[in-house]
Amino acid sequence: MEKKIEQTQDLVSEQLKALMNLLKGRAPGGLLTAFRTPQIIFGMTALNRIKNYLDGNLEEGDRRVLIITDDFTEKFASPISSILGKINIESRVWSGVKPEVPIDTIDEAVKICNDFKPRVFVAIGGGSVLDTTKALMIKFEKPETNLFTVSALEPLGLRKKIKYFVAIPTTSGTGSEVTLASMLTDISRDPPKKFTVSHPELIPDYAVLITDFVKDMPPFLTMATGLDALAHAAGSYVSNIGTPFADAMNFYAVKETIKYLPRAVKYGAKDIEARAHMQIAASMAGLGFIHSRVGIDHALGHSLGKVLNVHHGLCVGMFLPYTIAFQMKISERWKDLCPLFGVDPKNKSDNELAAEFLKSLKDFIHSIDGPVSIKEIKNPVITEEDYNKNLDLLVNYAETDPVAYMVTRYIDSEVIKRIFEYAWDGKTIDF
Ligand SMILES: [Fe+2]
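Just so we're clear, the structure is a prediction, and the values are computed from it rather than from any experiment.

**Q** For this particular structure, what's the right way to read the domain arrangement of the protein?
**A** The accessible area lost on association of the parts is a frequent measure of interface size. Examined at the domain level, the protein breaks down into domain 1 (43-213) and domain 2 (229-425). Averaged C-alpha coordinates put domain 1 and domain 2 at centres separated by 28 Å. Each side of the interface is counted separately: domain 1 has 15 residues, and domain 2 has 18 residues. Of all the secondary structure elements, the ones that give two or more residues to the side of domain 1 that touches domain 2 are strand 7 (193-198) and strand 8 (206-209).

Next up, the structure:
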């Protein structure tokens, strides 16, 4: 049975890869002809407002909420439980989410759901918590569904058991609180393999941005998650897939990130305005990339993160100057971003402008203590010997990453290897 699923996965992957070249394009010619978003609640009264929504809309027999967290975000569950208790909503906390979302953790949560029969999920956490909750929605409501073969084009029939899915992010970067995608890890494969389940019914009903829950992020996490948001927004803005809706979200997310991320990194909890703007920027970038495509920085970044244990946001942010430069050969959309980075396009050749833009992008990353080459990564330090030893594996993982199937300029293992080689010491992409 497992073998069959594996074969089906591989077949679907190959077909997708072949089809993507035919599907690329910008709306209304492409396939992206809807713009879907949760209700986004933010600002000082956000918590109070979601409380009032639930109080007003849950009938007597439906007042059961499962709060989903991991070890790190469990601390946020008790303030939510006590608020719910005051309006006679019973809550339970499940804190069993694991990093990278191994799919067996979902079975554990389904058992709790079958016993407690929640009518609302409140997911509090980063990408792993929100992605786990999305997969849990499917397996609790439709246990017969095969996660490997979910098609975004066919109805799942959710929201029969769970009336509302409330997503409360505790980092500002993944954008998962507004997206339809859930990134999971199939632990039955050796090595374990990441796969994505995407479906419009997985979009949370409410994304609640509570600044108090992100204000104490340490500088490294603020920088790395902020770079993730920047990579989502800039990487998908320069791609050749998208719509004016996605463009608006991505463009403004880049603008907000440039303005507020350095302040959020530098001043932390003392600069609540910067924190609040970065929350919004991350959600906007999520709405942008999910209605477009992330860049190949995400294929390369997923691979680097997994093989050498580097933070996801740090990886994709570091690859951004390389992958935007790679994309420049087939699109001029990067030029729109120049003014946001303070680069004036007047009286400059394309080469001069590109060089100035890429330098400004690298300067920005450096300004928040981020790396722009592999050898600059401090956490963890990667030796040249270790990097070269793992190069083939890095290429293999990047090439078979789901993102690699959807990029807008053709890539193969040779191209990917060259980008990895250039990224070691910061060489500018010239191919
Ligand atoms: Fe990301």
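And the narrative resumes.
**Q** Please clarify how the environment of Ala 224 should be interpreted in this entry.
**A** Looking at the secondary structure, you find Ala 224 in helix 6 (residues 219-237). C-alpha separation for the pair Ala 224 and Gly 370, spaced 146 residues apart in sequence, amounts to 7.6 Å. For Ala 224, the residues in contact, after removing those within four places along its chain, are His 311, Gly 313 and Leu 314.

**Q** Sorry if this is basic, but what is going on with the packing of helix 9 (residues 297-308) against helix 14 (residues 391-399) here?
**A** When two helices pack together, their arrangement is given by the angle between the helix axes and by the axis-to-axis distance. Interhelical geometry of helix 9 versus helix 14 gives an angle of 135° and a closest axis separation of 8 Å. The orientation of helix 9 with respect to helix 14, classified from their angle, is oblique. Considering how the two elements wind past one another, helix 9 and helix 14 form a crossing that is right-handed. Together, Ala 299, Leu 300, Ser 303, Leu 304, Lys 306 and Val 307 of helix 9 and Leu 393, Leu 394, Tyr 397 and Ala 398 of helix 14 make up the contact between the two elements. For the contact of helix 9 with helix 14, the per-class residue count stands at 8 nonpolar, 1 polar and 1 charged.

**Q** Is there a simple way to explain the environment of Thr 185 in this structure?
**A** Mapped onto the fold, Thr 185 is located in strand 6 (residues 181-186). A tally of 22 C-beta atoms within 10 Å means that Thr 185 is categorised as buried. As a C-alpha pair, Thr 185 and Phe 195 span 10 residues in sequence and 6.0 Å in three-dimensional space. For Thr 185, the residues in contact, after removing those within four places along its chain, are Glu 100, Val 101, Pro 102, Ile 103, Pro 192 and Lys 194.

**Q** What's the story with the pairing of strand 2 (residues 64-70) in this structure? I'm lost.
**A** Here is the key point about a regular strand: its side chains alternate between the two faces of the sheet. Most of strand 2 is tucked away, with 6 of its 7 residues classed as buried. By the bridge criterion, 4 bridges tie strand 2 to strand 4 (residues 120-125) in an arrangement that is parallel. Of the residues in strand 4, the one forming a bridge with Ile 67 is Val 122.

**Q** I tried to follow the environment of Asp 131 on my own but got confused; where do I start?
**A** Mapping Asp 131 onto the fold places it in helix 5 (residues 127-141). A count of 26 C-beta atoms within 10 Å places Asp 131 in the buried class. As a C-alpha pair, Asp 131 and Thr 196 span 65 residues in sequence and 9.5 Å in three-dimensional space. Not counting residues up to four positions away in its chain, the partners in contact with Asp 131 are Val 101, Ser 176, Ser 182, Met 183 and Leu 184.

**Q** Sorry if this is basic, but what is going on with the sheet that holds strand 5 (residues 164-169) here?
**A** Through backbone hydrogen bonds, the strands of a sheet pair up, either in parallel or in antiparallel fashion. Strand order across the open sheet formed by 6 strands is 1-8-5-4-2-3, with parallel pairing between neighbours. Since the sheet does not close on itself, it has two edges, and those belong to strand 1 (39-42) and strand 3 (90-97), each with one partner. Direction aside, neighbouring strands of the sheet carry axes that sit 20° apart on average. Pairing geometry for strand 5 and strand 8, over 2 bridges, is parallel. The partner of Ala 167 across the bridge, within strand 8, is Ala 207. Against the sheet, helix 8 (residues 272-290) contacts strand 1 and strand 8, and its axis sits at roughly 155° relative to strand 8.

**Q** Is there a simple way to think about unusual backbone geometry in this case?
**A** The bulk of non-glycine residues show a negative phi, and the bulk of peptide bonds are trans. Cis geometry is adopted by the peptide bond preceding Pro 380, which originates at Asn 379 and carries an omega value of 5°. Looking at the element boundaries, Pro 380 is found in the loop between helix 12 (350-367) and helix 13 (384-389). Even without being a glycine, Val 101 presents a positive backbone phi close to 50°. Tracing the chain through its elements places Val 101 in the loop between strand 3 and helix 4 (104-116). Even without a glycine there, the phi angle at Lys 117 is positive, about 55°. Mapped onto the elements of the fold, Lys 117 is located in the loop between helix 4 and strand 4.

**Q** How should helix 10 (residues 312-327) be read in this particular structure?
**A** Spacing of three or four residues puts side chains on the same side of an α-helix, whose turn is 3.6 residues. With 16 residues, helix 10 ought to run about 22 Å at 1.5 Å a step, and its terminal C-alpha atoms sit 21 Å apart, in line with that. Of all bends in helix 10, the biggest is about 45°, found at Leu 320, and the proline Pro 321 comes one to four residues later. With respect to burial, helix 10 is a largely interior element, 16 of its 16 residues being buried.

The rules behind the values
Residues numbered from 1 in each chain as written. Predicted model: local features only at pLDDT ≥ 70, side-chain atom pairs only at ≥ 80, totals over all residues. Domains from an automatic or database assignment. Contact = placed C-beta atoms within 7 Å. Helix = DSSP H or I, 4+ residues; strand = E, 2+ residues; numbered from the N terminus. Axes fitted to C-alpha atoms, helices over the stretch in contact; angles between N-to-C directions. Parallel < 35°, antiparallel > 145°, perpendicular 65-115°, else oblique. Left-handed = near helix turned anticlockwise from the far one by under 90°. Nonpolar A, V, L, I, M, F, W, Y, C, P; charged D, E, K, R; others polar. Buried ≥ 20, exposed ≤ 12 C-beta atoms within 10 Å, placed from the backbone. Pairing = 2+ DSSP bridges. Expected span 1.5 Å × (residues − 1). Bend = angle between axes of the 7 residues up to and from the residue.

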